[in-house]
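# A closer look at the structure
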Amino acid sequence: MSERVAALIVAAGAGERFGGPVPKVFVPLAGRPLLLWAVQAYADHPEVDAVALVVAPDYVVPATELCREVGDVLVVAGGPERRQSVLNGLRALGARTPDLVAIHDGARPLVTPEIISDSLRVCRAHGAALTAVAATDTVKRVADGRIVETIDRHEVYLAQTPQTFRYDLIRQAHEQAEAEGWAVTDDAMLLERLGHTVAISPGHARNLKVTTPDDLPRAEAWLRGESGGTPRVGHGFDLHRLVEGRRLVLGGVEIAHGKGLLGHSDADAALHAIADALLGACALGDIGRHFPDTDPAFRDADSRELLRQVVALVRQAGWQPANVDVTIIAQEPRLAPHVEAMRESTAEALGLPPTAVSYKATTMERLGPIGEGLAIAAEAVVLLTPQ
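Below is a summary of the structure that appears in this document. (Residues numbered from 1 in each chain as written. Predicted model: local features only at pLDDT ≥ 70, side-chain atom pairs only at ≥ 80, totals over all residues. Heavy atoms only, no water.)

### As for the overall build of the protein
Note the threshold: Every helix listed is a DSSP run of H or I at least four residues long, and every strand listed is a run of E at least two residues long, numbered separately from the N terminus. Accessibility here uses a 1.4 Å probe with only protein chains present; expressed as a share of the type maximum, an area under 20% marks a residue as buried, one over 50% as exposed, and anything in between as partly exposed. Residues count as neighbours in contact if any of their non-hydrogen atoms are within 4.5 Å of one another. Areas reported as accessible are Shrake-Rupley estimates using a 1.4 Å probe. Residue values count occlusion only from the protein chains shown. Only four residue types enter the tally: Lys and Arg on the positive side, Asp and Glu on the negative side, with His and both chain ends excluded. Charge positions are represented by NZ for Lys, CZ for Arg, CG for Asp and CD for Glu.
Scanning the protein for helices and strands turns up 12 helices and 18 strands. Looking at the 387 residues of the protein, the share that counts as buried comes to 49%. Sequence separation of 24 or more characterises 71% of the internal contacts of the protein that already satisfy a separation of 6 or more. Accessible surface computed for the protein: about 18000 Å², of which carbon and sulfur atoms make up 51%. Averaging the locations of the 37 positively and 50 negatively charged side chains of the protein gives two centres separated by 0 Å.

Structure follows, in structure tokens:
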């Protein structure tokens, strides 16, 4: 006799970081409410026998109406905290006697059948499975704004959902947490606290969590990419004043000159223009939104590292850079001897071959602030293709 599998989709939060008049899970994504994408994914999965959706008490009726297009979905009123909402859902599912339960965040709309199947497989082997992706960036532990230690990133995973468990095991853990008032941020923490092994199940970058309005274009980009989305073009521009006492860095290369560009980071106008072009092509805002000049963490930052982070955001949104064309506008110094080094440095930060990166330099014929040697500007055009 096969085991019965239930899915519990938790969507009872207010989504305060998202803003708006309604909870974020009711905001449209590609023409349908965000939460319905996750509900549909589990309802369509061949291994899932029952689906429950937990929403804020005031939204039980509209959620029930929405779920009618999906099928037989049990809609449950949540509690004041996530842990209590999950327990409400587990108690409601008890009548359907599941053996396994996959607990999923309703704000993760792009979960795939493969992710769900992998989570169930790992749970059957270990009793508890946490979907996660390995960290790719260097990880720092910080206290009071200062680095305490560098953590081996090979030991760090970023948690996603589903988190799948033996139903009796996670129900018992949540009942104990409720009785003793435990504070936890996810369901796996309960079993960790009880000393139970939780195994890792493979996640994916597309299984993103919609937390702020900026995340919606990323989710939509994944959907467009999967349906053969057309390439995108982005344009960026940046200008910085030349001052004494600063290094001149352009295209990731330090250039000998009597003056450098003034800015909060290393003020690399070329890389900043590329970053803005990449972000603009994905409708992800601009470089100032992601790396504000009011944040001391970015003081004198290496713009190559900022560009790498922008590329990671672009890839998370389902896109990848194909080529870049940059024009630097400067009266001096002469940049031709540095073009090849700039191409190589920029290509490395973008994850592209140097043949996909073009740099050109021009002057302003001594007209205006740039022509007078008071500033340097850069323009960049990028082409993105769906991953």
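### Comments concerning the sheet that holds strand β12 (residues 232-243)
In plain terms, the rule: At least two DSSP bridges between two strands are needed for those strands to be called paired. An axis is simply a line fitted to the C-alpha atoms; with a helix, the fit covers only the stretch in contact. Between two such axes, the angle follows the N-to-C directions and lies from 0 to 180 degrees.
Pairing is mixed across the open sheet formed by 5 strands, whose spatial order is β15-β12-β18-β16-β17. Only two strands of the sheet have a single neighbouring strand rather than two, namely β15 (260-261) and β17 (357-362). Two elements, strand β16 (residues 319-329) and β17, share 6 bridges in a ladder whose sense is parallel. Bridge pairing in β17 links Ile328 to Ala361. Contacts from helix α8 (residues 269-281) reach β12, β15, β16, β17 and β18 (375-386), with the element oriented near 150° to β12. Taken strand by strand, helix α10 (residues 303-316) contacts β16 and β18, and its axis lies near 140° from that of β16.

### So, the packing of α8 against α10
Operational definition: Roughly parallel means an angle under 35 degrees; roughly antiparallel means over 145; roughly perpendicular covers 65 to 115; every other angle is labelled oblique. Charged residues are taken to be Asp, Glu, Lys and Arg, nonpolar residues to be Ala, Val, Leu, Ile, Met, Phe, Trp, Tyr, Cys and Pro, and polar residues to be all remaining types, Gly included.
Direction vectors running N to C along α8 and α10 enclose 10°, while the axes themselves pass 10 Å from each other. Classified by the interaxial angle, the pair formed by α8 and α10 is roughly parallel. In this structure, α8 uses Leu271, His272, Ile274, Ala275, Leu278 and Leu279 to contact α10, whose residues at the interface are Ser303, Arg304, Leu307, Val310, Val311, Leu313 and Val314. When grouped by side-chain class, the residues that make up the contact of α8 with α10 number 10 nonpolar, 2 polar and 1 charged.

### Overview of the pairing of strand β6 (residues 100-105)
For β6, the tally of buried residues reaches 6 of 6 residues, placing the bulk of the element in the interior. Side-chain alternation along β6 places Leu100, Ala102 and His104 on one buried face and Val101, Ile103 and Asp105 on a second face that is also buried. As judged from the 6 bridges shared by strand β1 (residues 5-11) and β6, these two strands associate in the parallel manner. Across the sheet, Ala6 pairs through a bridge with Val101, a residue of β6.

### Section: the pattern of salt bridges
Charged atoms that come close allow side chains of opposite charge to pair. To keep it simple, the criterion reads: Think of a salt bridge as a Lys or Arg side-chain nitrogen and an Asp or Glu carboxyl oxygen that are within 4 Å of each other.
Using the criterion set out here, one finds 22 salt bridges in the structure. One salt bridge in this structure joins Arg289 and Asp214, with 2.6 Å as the shortest N-O distance. One end of the pair, Arg289, is in helix α9 (residues 287-290); the other, Asp214, is in the loop between β11 (199-202) and α7 (215-226), with 75 residues separating them in the sequence. Note on Arg289: relative accessible area 48%, which makes it partly exposed.

### So, the sheet that holds strand β7 (residues 128-134)
Read across the sheet, 7 strands follow the order β5-β4-β1-β6-β10-β7-β11 without closing on themselves; strand pairing throughout is mixed. Since the sheet does not close on itself, it has two edges, and those belong to β5 (73-77) and β11, each with one partner. The mean angle between the axes of side-by-side strands here comes to 30°, regardless of whether they run parallel or antiparallel. Here 4 bridges tie β6 to strand β10 (residues 157-166), and the two strands are oriented antiparallel to one another.

### Observations regarding the pairing of strand β8 (residues 139-143)
Of the strand pairs in this sheet, β8 and strand β9 (residues 146-151) are connected by 5 bridges, and their pairing is antiparallel. Of the residues in β9, the one forming a bridge with Val139 is Ile151.

### Regarding the nonpolar core
Convention followed: Among buried residues, the Ala, Val, Leu, Ile, Met, Phe, Trp, Tyr and Cys ones that are joined through side-chain atoms within 4.5 Å form a nonpolar core.
One finds Leu250, Ile274, Leu278, Ile328, Leu350 and Tyr359 to be the most contacted residues of the largest nonpolar core, which totals 51 residues. Listed by contribution, the elements that provide at least two residues to this core are β13 (248-250), β14 (253-255), α8, α10, β16, α11 (339-350), β17 and β18. Counting 30 residues, the second-largest nonpolar core is a separate cluster that includes Val39, Val75, Val111 and Val122.

### A word on the environment of Ser117
In this structure, Ser117 sits in helix α4 (residues 113-126). Ser117 gets classed as partly exposed once you look at its relative accessible area, which sits at 26%. Considered as a pair, Ser117 and Leu158 are 41 residues apart in the sequence and their alpha carbons are 19 Å apart. Aside from chain neighbours lying at most four places away, what touches Ser117 is His45 and Glu47.

### Some points on the packing of α10 against α11
Between α10 and α11, whose axes approach to 8 Å, the crossing angle comes to 40°. As summarised for this structure, α10 and α11 are arranged oblique, according to the angle between their axes. In this structure, α10 uses Arg304, Leu307, Arg308, Val311 and Arg315 to contact α11, whose residues at the interface are Ser345, Glu348, Ala349 and Leu350.

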